[in-house]
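Coordinates in review
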Amino acid sequence: MNGEIAAILAMDGIASGAIYVLIGLGLVLIFAVTRVIFVPFGDIAAFTALSLASLETGGRPGTVGLVAVLAVLATAVEAIALARNRAFHRLPRALLFYLVLPLIPAAAVWFAAGTTLSMPLRIVLSLALVLPIAPLLDRIVFRPIADASVLLLLTVAVALHFALSGLGLMFFGPEGVRTKPLTDAVFDVAGLIVNGQMLLILAASIVFCGLLFLYFEFTIQGKALRATAVNRVGARLVGIRPTSTGTIAYLLASLLAGISGVLIAPVTTIFYDSGFLLGLKAFVGAIIGAMVSYPVTALGAVMVGLLESFTSFWLSAYKEVLVFSLLIPVLLWRSLSFAGTEEEEAEE
Amino acid sequence: MALLSIDQVSVAYDKVEAVRGVSLAIEPGQIVTVIGPNGAGKTTLLGAAIGLLPWRGRMSFDGIDLRRLDVEARIERGFCLVPETRELFGDLSVSDNLLLGGYSRRRDSAGVKRSLADVYGRFPRLSERRNQKASTLSGGERQMLALGRALMAKPRLLMLDEPSLGLAPIIVREVFRIIASLRELGVSILLVEQNARAALETADFGYVLETGEIVHSGAAADLMHDPRVTASYLGGH
């Protein structure tokens, strides 16, 4: 291997790492606020890519049906819960949030399908379409068992992933898709060919990490999310509803996943079940960050990208094996260096 | 009309009743204390009143049936709890903890800002440490932060669970001085304490809770001289 190949591999690795960063941060965000390891998270990214591809070819993405079904289910679940508490005055609000708002982008896509849309509009539409999926799943599946153990929540999340990829097969079919590149620009940096798509991925990742940081540091909602993650009882005692912060966490995380889906679709062929591997690799990054640290998760995700890129050059047959084997030393190191953390937390 | 009315309330963990048929009332502007030994059900009673534990009986705050309000809706109406465990946001700075205390009033940013200045005026130590993480504070400072955070919600009724627990005597005095000073703000207080003497000196009215039931009640000054109370809780003097 010479320097040039190493540089190309590094660039490639950083670009895919940047994708894992976005998904990894989303995973940590959802886990911190809701204690759910949201296994189907990669599916959200894949569904965005598939929806975008479908819009590009003038089709009507199957996501529309999925969102409609979930919206109706979530509204029904919420209505039953409200009726049980005799809180009928909150019904209009529930209808707005669980039925009307999710159906607006779905309706827009339904009517826009088949017409020629500009690329930015297609991207915005696919993002808006996918955004409500995770919050709706949260309402239907996770909120009724919000106080369950992390293990039970994880088990349910795994089941949910299989259900979602089955639906993915039904809605999108078994064919893989690749969307048009977002940019054709190519740059020559010190003799190295750098394509614009890669730079875009990198820039988007940096921008959204920055925005997330600003949100957490400087807005009261962002601080409320952190507060819920740190101390749920404390959060309730100042009037923060864990259900609302959970919804915000799912929305924000879905935005990150959706953006990574849009970014990855032109460089990788995406199938209905591609989300799982995407999510799993991002999960390795999140585990390196112990599911709590955003900066370490980002670093871990970049590391996964680099490792993947270099192993695909040296030992491409063992690419996935090596990436996931990374978990073993990381978990060992984590369990040694953080022994006792859990007990301390339990004491508080 | 009582600000908080608790009427024949029972709280059970599984089949064990930790609180049995307790009734008490707090009038606006009053400081009421519930004293009693460890395990009498004091903390359980407060947990039920704020909505963290299921209960039977009748409770109302400002005339509203508490069954209709969840925890967060109680906070929005100015009914707040500073729990024995403080429940601070350890990873967040002192100023963020306080700002989040005003979460239920977040649409009134000018009002939250005024409250923040007021809390810093009341607790200069918190002002000095505003950028420090809450987890780095000492026990006394944590208690002040917990009180300050609750004040940020502009409470009308503040329930304080063992505010003096684990604090050095000099800080205990400071905490009780602050509690007494809250009366000027028009805040009513339900004070739960093992430190019966300090609690009765601060309060207008007192209840004695033993094994989940109220066994004595009366004006705080009377309870201080009630031989049944002095024998058990005031060291017999």
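Check the entry above for the structure.
Residues numbered from 1 in each chain as written. Chains lettered and ligands numbered in written order. Predicted model: local features only at pLDDT ≥ 70, side-chain atom pairs only at ≥ 80, totals over all residues. Heavy atoms only, no water.

1. Quick word on the overall build of chain A
Helix and strand content of chain A: 16 helices and two strands. For chain A, whose C-alpha radius of gyration is 20 Å, the value lies close to the compact-globule estimate of 20 Å for 348 residues. Seen along its three principal axes, the alpha-carbon backbone of chain A occupies a region of about 70 × 60 × 35 Å. By the burial criterion, 48% of the 348 residues in chain A qualify as buried. In chain A, the proportion of contacts linking residues at least 24 apart, taken out of those at least 6 apart, comes to 76%. With an accessible surface of roughly 15,800 Å², chain A has 71% of that area assigned to carbon and sulfur atoms. In chain A, which carries 19 positive and 20 negative side-chain charges, the distance between the mean positions of the two groups comes to 14 Å. (Helix = DSSP H or I, 4+ residues; strand = E, 2+ residues; numbered from the N terminus. Rg over C-alpha atoms; globule rule 2.2 N^0.38 Å. Buried < 20%, exposed > 50% of the residue type's maximum accessible area, 1.4 Å probe, protein only. Contact = heavy atoms within 4.5 Å. Areas by Shrake-Rupley, 256 points an atom, 1.4 Å probe, with all protein chains shown as cover. Lys, Arg positive; Asp, Glu negative; His and termini not counted. Charge placed at Lys NZ, Arg CZ, Asp CG, Glu CD.)

2. A closer look at the overall build of chain B
A count of helical and extended segments in chain B gives 10 helices and 10 strands. Compactness check: chain B gives a C-alpha radius of gyration of 17 Å against a globular reference of 18 Å for 237 residues, within 12% of the reference. Across its three principal directions, the C-alpha atoms of chain B cover 45 × 40 × 35 Å. Buried positions account for 56% of the 237 residues belonging to chain B.

3. Considerations on helix α7 (residues 169-182) of chain B
Helix length check: α7 of chain B (14 residues) gives 20 Å between terminal C-alpha atoms against 20 Å at 1.5 Å per residue, within 8%. All buried positions along α7 of chain B are accounted for by Val172, Val175, Phe176, Ile178, Ile179, Ser181 and Leu182 of chain B. (Expected span 1.5 Å × (residues − 1).)

4. A word on the pattern of salt bridges
Per the counting criterion, the structure on display carries 24 salt bridges over all chains. Between Lys133 of chain B and Asp91 of chain B there is a salt bridge; the shortest N-O distance is 3.7 Å. Within this pair, whereas Lys133 of chain B is found in the loop between α5 (124-128) and α6 (139-151), its partner Asp91 of chain B is found in the loop between β6 (79-82) and α3 (94-101), the two being separated by 42 residues in sequence. What you see here is one network of salt bridges that share partners, running through Glu217, Lys223 and Arg226 of chain A together with Asp96 of chain B. (Salt bridge = Lys/Arg side-chain N within 4 Å of Asp/Glu carboxyl O.)

5. Examining the side chain of Asp161 of chain B
Residue and element names in this part refer to chain B. Relative to the helices and strands, Asp161 resides in strand β7 (residues 157-161). No salt bridge is formed by the buried Asp161; the nearest opposite charge belongs to Lys42, separated by 6.7 Å. In this structure the side chain of Asp161 is engaged in a polar contact, spanning 2.9 Å, whose partner is the side chain of Thr43. With residues near it in sequence (within four places) discarded, Asp161 still touches Thr43, Leu46, Val82, Pro83, Glu84, Arg86 and Val192. (Polar contact = N/O pair within 3.5 Å; in protein donor to acceptor, adjacent residues only side chain to side chain.)

6. Overview of the interface of chain B and chain A
Between chain B and chain A, the contact holds 24 residues from the first and 18 residues from the second. Summed over both sides, the interface between chain B and chain A buries roughly 2,100 Å², with carbon and sulfur atoms accounting for 60% of that surface. For the chain B face of the interface with chain A, the top three residues by lost area are Glu72, Phe89 and Tyr103 of chain B, together amounting to 30%. Taking the shortest distance from any N to any O, the salt bridge between Asp96 of chain B and Lys223 of chain A comes out at 2.8 Å. Between the two partners, chain B and chain A, sit six residue pairs in polar contact (both at pLDDT 80 or more). If you tally residues by element for the side of chain B that touches chain A, the top one is helix α2 (residues 71-76) of chain B, at five residues. Classifying every residue of the side of chain B that touches chain A gives 13 nonpolar, three polar and eight charged. (Buried area = accessible area lost by both parts, 1.4 Å probe. Nonpolar A, V, L, I, M, F, W, Y, C, P; charged D, E, K, R; others polar.)

7. A word on the nonpolar core
Core analysis: the largest hydrophobic core is formed by 88 residues, its most contacted members being Val36, Phe38, Phe41, Ile44, Ile133 and Phe142 of chain A. Not counting residues up to four positions away in its chain, the partners in contact with Ile44 of chain A are Phe38, Val130, Ile133, Ala134, Ser254 and Ala257 of chain A. (Core = buried A, V, L, I, M, F, W, Y, C linked by side-chain atoms within 4.5 Å.)

8. What about the side chain of Arg105 of chain B?
Residue and element names in this part refer to chain B. Here Arg105 lies in the loop between α3 and α4 (109-122). Judged by relative accessible area, which is 12%, Arg105 ranks as buried. Engagement of the side chain of Arg105 in a polar contact is seen with the side chain of Ser115, the distance being 2.8 Å. Dropping the residues within four chain positions of it, Arg105 is found in contact with Gly111, Val112, Ser115, Met152, Ala153 and Lys154.

9. Comments concerning the sheet that holds strand β3 (residues 31-35) of chain B
All names here are of chain B. The strand order β6-β7-β8-β3-β9-β10 describes an open sheet built from six strands, whose pairing is mixed. At either margin of the open sheet sits one strand with a lone partner, and together these are β6 and β10 (213-219). Averaged over all pairs of adjacent strands, the angle between their axes in this sheet comes to 15°, without regard to strand direction. One ladder, built from six bridges, connects strand β9 (residues 205-210) with β10; its direction is antiparallel. Bridging from a neighbouring strand, Tyr207 pairs with Ser217 of β10. Each of β3, β6, β7, β8 (188-193) and β9 is contacted by helix α1 (residues 42-50), which is oriented at about 150° to β7, the strand it contacts most. Along the sheet face, α6 touches β6 and β7 and points at about 170° away from the line of β6. (Pairing = 2+ DSSP bridges. Axes fitted to C-alpha atoms, helices over the stretch in contact; angles between N-to-C directions.)

10. Some details on the sheet that holds strand β1 (residues 4-13) of chain B
Sheets are built from strands that pair by backbone hydrogen bonding, the pairs being arranged parallel or antiparallel. All names here are of chain B. The strand order β2-β1-β4-β5 describes an open sheet built from four strands, whose pairing is antiparallel. Looking along the sheet, the strands with just one partner apiece sit at the ends: β2 (16-26) and β5 (64-65). The pairing of β1 with β2 spans seven bridges and is classified as antiparallel. Paired with Val11 across the strands is Val19, a residue of β2. Those strands touched by α1 are β1, β2 and β4 (56-61), and its axis lies near 70° from that of β2.

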